[in-house]
Every structure is written in structure tokens, then in C-alpha cells.
Amino acid sequence: MAYDDVQSRGSPGGSRGQGDHRYEYHEHESAAELTTTLVHALADVMGRDVSDVEWRLSDSVDPDALDRLFSTGDGTAGGDCHVAFAVEGYRVTVYGNGEIVITPPERPPR
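The structure contained in this document is the topic of the report that follows. (Residues numbered from 1 in each chain as written. Predicted model: local features only at pLDDT ≥ 70, side-chain atom pairs only at ≥ 80, totals over all residues. Heavy atoms only, no water.)

1. Some remarks on the pairing of strand β5 (residues 99-103)
If a strand is regular, its side chains alternate between the two faces of the sheet. Counting buried positions over the five residues of β5 gives four, a clear majority of the element. Relative to β5, strand β4 (residues 90-95) runs antiparallel, the two sharing four bridges. Its bridge partner being in β5, V92 is matched across the sheet by I102. (Buried < 20%, exposed > 50% of the residue type's maximum accessible area, 1.4 Å probe, protein only. Helix = DSSP H or I, 4+ residues; strand = E, 2+ residues; numbered from the N terminus. Pairing = 2+ DSSP bridges.)

2. Side note on the nonpolar core
Membership of the largest hydrophobic core comes to 19 residues, with the highest contact counts inside it found for L38, L42, L57, F85, V87 and V92. Contributions of two or more residues to this core are made by α1 (34-46), β3 (82-87), β4 and β5. It is α1 that contributes the most residues to this core, seven residues altogether. Residue contacts for V92: discarding those within four places in its chain leaves L38, L42, V83, A84, F85, V87, I100 and V101. (Core = buried A, V, L, I, M, F, W, Y, C linked by side-chain atoms within 4.5 Å. Contact = heavy atoms within 4.5 Å.)

3. Some remarks on the pattern of salt bridges
Inspection of the entire model under this criterion finds one salt bridge. In this structure, the salt-bridge partner of R56 is D59, at a minimum N-O distance of 3.0 Å. What makes R56 exposed here is its relative accessible area of 54%. (Salt bridge = Lys/Arg side-chain N within 4 Å of Asp/Glu carboxyl O.)

Coordinates in, geometry out; function isn't part of it.
Here it is in C-alpha cells:
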């Protein structure tokens with residue numbers, strides 16, 4: 001998977017919490033979709049194998065729309081925007097520069 005955990009840096013547009021996880025996803029010209037990387041990053045932060053997750057990304061956000069929003073079609077970033085949503089209590093923020101920030105819930109889901 002083409003993302004790197006770089007928890008030591010701050011988040012664009014605001015401060016990060018101590019337990020946040022930051023991922024920078026693959027190059028925009030990669031054949032893999034943003035949502036594929038996002039699912040792998042979430043599974044990693046949750047401590048689960050991606051094949052064993054019990055949630056669907058589509059329950060929280062439209063995956064096709066998310067991929068289209070952050071893909072310009074020419075291999076460049078998706079612009080100066082971000083989208084935030086929750087998956088299983090985890091706050092997920094996707095930035096146009098390719099960055100994904102995942103904030104775990106304050107209390108683990110039951």
C-alpha cells in the first residue's frame with residue numbers, strides 16, 4: 001500500500017489531536033483509487049485486517065464521488081479542498097493535496 005504514517009507533523013487547516021494518524025496516499029497518477037487507500041488506512045488505524053472489516057465506506061460517504069472530487073484526471077491533486085466524515089466513530093478528513101487524517105474516537109466503539 002502506498003501510504004506513509006507520518007504522525008509527527010501537523011494537519012493543514014488546524015491543529016491535530018495527539019491520537020491522530022496522518023497518511024499521504026499514493027501518487028495521483030497511480031492506478032489505485034483514493035478510496036482503496038482510504039479503506040486500507042482506516043483498517044490499519046483500527047487494528048484490523050482490511051479483509052475483516054465490518055463496515056462499508058459507502059455507509060458514510062459516496063466512494064465514487066470522493067474519488068471524482070479529488071481526481072483531476074491529469075495526475076494532479078484535487079485542489080484546495082477537504083472533506084470530513086465519520087466511519088465507525090473515527091473522524092476522517094481527506095485533503096486535496098492527497099493527505100488523509102484519521103482521528104480515533106475518544107472512546108473505543110463497543
